Amino acid sequence: MSVRRTLAVAARVLAQIRRDPRTLVLLVLVPCLLMALLWWMFHDQPGVDLFDRIAPALLAIFPFIVMFLVTSVTTLRERSGGTLERLLAMPLAKLDLLLGYALAFGLLAAIQAACAVGVSVGFLGLDVQGPVWLLAVVGVADAVLGTALGLFVSAFARTEFQAVQFMPALVVPQILLCGLLVPRDAMPDLLGRISDVLPLSYAVDAMNDIAGSSSTGDVWQNLAVVAGFAVACLALGAATLRRRTP
Amino acid sequence: MNNAVEAHGLEVTRGSREVLRGLDFTVPVGEVTGLLGPSGCGKSTLMRVLVGVQAKVTGTVQVFGQPAGSRALRSRIGYVTQAASVYDDLSITENLAFFARVLGVDRGEIDRCLEAVDLGGHADQVVRNLSGGQRSRVNLAVALLGKPDLLVLDEPTVGLDPVLRESLWVMFHRLADDGAAVLVSSHVMDEAERCDRLLLMRDGVFIADGTPAAIKQKAGVDDIEQAFLSIVRGAR
C-alpha cells in the first residue's frame, strides 16, 4: 500500500466527477430537494411533527443509497473498460484502489451531507438537540459505508444491470428494517435481531440520537459501529477483488 | 541470447475450454517478436499470462527470471490491452498523469510518451472526443511510461493510418534496440514482415516459430499468409 497511489486514485475519481457537472449537481441537489419535499408533505399534518421524526433517518439513508449506486456503477465501468485490468497489472495494491475510491466519494459525501443538513436545519426548521455538525459526520460515515458496500458487491456483478439489481437486494431490506417505518424494538423478535446486524440501523440510530438528545455518548458508539462495518466491507472488497481473472 | 520471457508447457483453461494448449516459447531481449494468428486463437490470453492477470495457468512462465505476475515485475512491464484502457472522461494528459503517479515515474515522462505516439498537440483533449486511432495511441502512450523492460502490446496498430502504423513499427524497433523486449500481437498477416521473429498461433498452439524468412522458406512460399495456410493444410 502507498499513500501516493491511494491519493492518485482519489484525485482521478474526483477529476472524472468534475468533468461530469450534471452528476455533481444531482448528487448535491437531489437530497436537498427530497428533504424539502418531505417537509412540504408533512407541513399541514396536525399533531406531532412528523418531519422532525422522519428527517434524521432520511439524512442517513440518502448518502448510503446514492454512494452505493455511484460506486457500483463506477467500478463496473472500470472493470468493463479494461482500466481495472491495466491497473492490476501495475504496481498498485488492491487497497490503494479501494481506499482511493472511499476517500473520493467520502469527500463528495461531505459536500452532500453539509448541504442536506444545512437545508434541513437552516430552512426547513429541523429541530436538533445535539450538535448539528455531527449530523454531517454521520452522513459522511454512512456514505463511506455505502461506497464500501458498493465496492464489495461490484466484485459479484458482471454487468451494470446486475450491479444495479444489488440495490433492491441489499439496500432496501436495510431501509425497511432500520427503524424508519416501525421502531426497531417494536418489530417481531427475529426481524429486530436481523435489524441489529444491519449497518444502516446504526446510522439511523445515530442520526435520531443527535436529533433527540444533547448527549453524544450513544452517537459515537453507533458511529463506531458504522465505521466498523465500512472497514469490514473494504477488507472484504480487497479480498474478493482478484488480480487474476478467467 | 538474453530472454525476457521463458515459458514451458504453458496451458490455460477457461471454463471447460483449453485456450492455450502446451506452449513452449521465449521472448528475447532486443528484438520485436510478433504474435500472429486469427482472432480468438489465444493471443490475448497469452499476453494476460505474461502480465499476471490470467487465472488458471499451468506450466512455468518466467519473466526476467521470476514467475509471471510477481510483484517486482509489475513496474517493469508495459501492457497495452486490446480495448483502449484509458478513462474516457479525462483528458489525455490527465490519463497519463494518473498512470504516471501510480507507476511512480517522473511527470517529464508524460511529454516524452505523448511525442512518441505523435499526440503532443492534443494533450488537453478529452479522450471521449478522440477518434478510435487517437484513443489507441493514448493507450499505447500509457504503456510506454517509465521505459519498461518488456512491452506486451495487444494489437496496438489496429485501425491506424498506414503512415502512423509505419512510424509505430519504427518505434517498436527503436525500443528493442534500446534493450527492451517487445511482444506485439496482430491478426493482420501483413505486419509479420515487420517483426524480427514470429510466433504463428492457431487454436491455442504455435504452428511456427522463427524469423519471417525462415518460416517462408520452410513452407516454400513467399509470403506469411501463404505460409500460414500451407502449414495449416500440411497439418491436416
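Counting starts from 1 at the beginning of each chain's written sequence and moves along it residue by residue. To label them, take the chains in the order written and letter them from A, then take the ligands in the order written and number them from 1. With the structure being a predicted model, the display of local features is reserved for residues of pLDDT at least 70 and the display and counting of side-chain atom pairs for 80 or more, all residues being used for whole-chain, interface and lining totals. Where side-chain values are given, they derive from all heavy atoms of the structure, hydrogens and water being excluded.

A. Seen up close, the sheet that holds strand β4 (residues 57-63) of chain B. Residue and element names in this part refer to chain B. For two strands to count as paired, DSSP must find a minimum of two bridges between them. In DSSP terms, a helix is any run of H or I states spanning at least four residues, a strand is any run of E spanning at least two, and both are numbered starting from the N terminus. Ordered by their spatial adjacency, four strands build an open sheet running β2-β1-β4-β5, and the pairing between neighbours is antiparallel. The sheet is open, and its two edges are formed by β2 (17-28) and β5 (66-67), each paired on a single side. Summarising the sheet, strand β1 (residues 3-14) and β4 pair through six bridges and their orientation is antiparallel. Bridge assignment links E11 to a residue of β4, and that residue is T58. Contacts were defined at the residue level, with two residues in contact if any of their heavy atoms lie within 4.5 Å. Fitted lines through C-alpha atoms give the axes, limited to the stretch in contact for helices. The angle between two N-to-C directions lies from 0 to 180 degrees. Sheet contacts for helix α1 (residues 43-51): β1, β2 and β4; angle to β2, the most-contacted strand, approximately 60°.

B. Fine view of the pairing of β2(B). Residues and elements named next belong to chain B. With nine bridges joining them, β1 and β2 adopt antiparallel strand pairing. In the sheet register, E11 faces β2, and the bridge partner there is R21. Where β1 folds back on β2, the antiparallel hairpin that results is connected by two residues, among which G15 adopts a positive phi of roughly 65°.

C. The arrangement of the interface of chain A and chain B in detail. With 28 residues of chain A in contact, the opposing surface of chain B contributes 34 residues. When two parts are put together, the accessible area they lose, computed with a 1.4 Å probe and summed over both, is reported as buried area. Across the chain A to chain B interface the summed buried area is about 2,800 Å²; carbon plus sulfur atoms make up 55%. Area buried by chain A at its contact with chain B is led by R19(A), R86(A) and R244(A), which between them contribute 27% of it. By definition here, a salt bridge exists when the distance from a side-chain nitrogen of Lys or Arg to a carboxyl oxygen of Asp or Glu is within 4 Å. At the boundary of chain A and chain B, one finds four salt bridges. The shortest N-O distance in the salt bridge between E94(B) and R18(A) comes to 3.9 Å. Contributing elements (two or more residues each) for the side of chain A that touches chain B: α1 (3-18), α3 (50-80) and α4 (83-88) of chain A.

D. The arrangement of the nonpolar core in detail. Nonpolar core, defined: a set of buried Ala, Val, Leu, Ile, Met, Phe, Trp, Tyr and Cys residues in which side-chain atoms within 4.5 Å join the residues together. Working definition: with a 1.4 Å probe on protein chains only, accessible area under 20% of the residue-type maximum means buried, over 50% means exposed, and in between means partly exposed. Within the largest apolar cluster, 124 residues are counted, with the highest numbers of intra-cluster contacts made by I61(A), L96(B), L153(B) and F172(B). For this core, the element with the highest residue contribution is α3(A), accounting for 14 residues. An automatic or database domain assignment supplies the residue ranges for each domain. Each of domain 1 (1-70 + 149-235) and domain 2 (84-147) of chain B accounts for three or more of the residues forming this core. Discounting chain neighbours no more than four positions away, the residues touching F172(B) are V32(B), L140(B), L153(B), P156(B), T157(B), V182(B) and V184(B). Membership of the second largest hydrophobic core comes to 31 residues, among which are L46(B), M47(B), V53(B) and V152(B).

E. Up close: the sheet that holds strand β10 (residues 205-210) of chain B. All names here are of chain B. Strand order in this open sheet of six strands is β6-β7-β8-β3-β9-β10, and the pairing throughout is mixed. Looking at strand neighbours, the two that pair on one side only are β6 (77-80) and β10, the edges of this open sheet. When the angles between neighbouring strand axes are averaged without regard to direction, this sheet yields 15°. Pairing analysis gives five bridges linking strand β9 (residues 197-202) to β10, with the strands arranged antiparallel. Along β10, the bridge assignment pairs L199 with D209. Packed on one face of the sheet, α1 meets β3 (32-36), β6, β7 (150-154), β8 (181-186), β9 and β10 and runs near 155° to β8. Against the sheet, helix α4 (residues 132-144) engages β6 and β7, with an angle of about 170° to β6.

The analysis is restricted to geometry; functional conclusions fall outside its scope.
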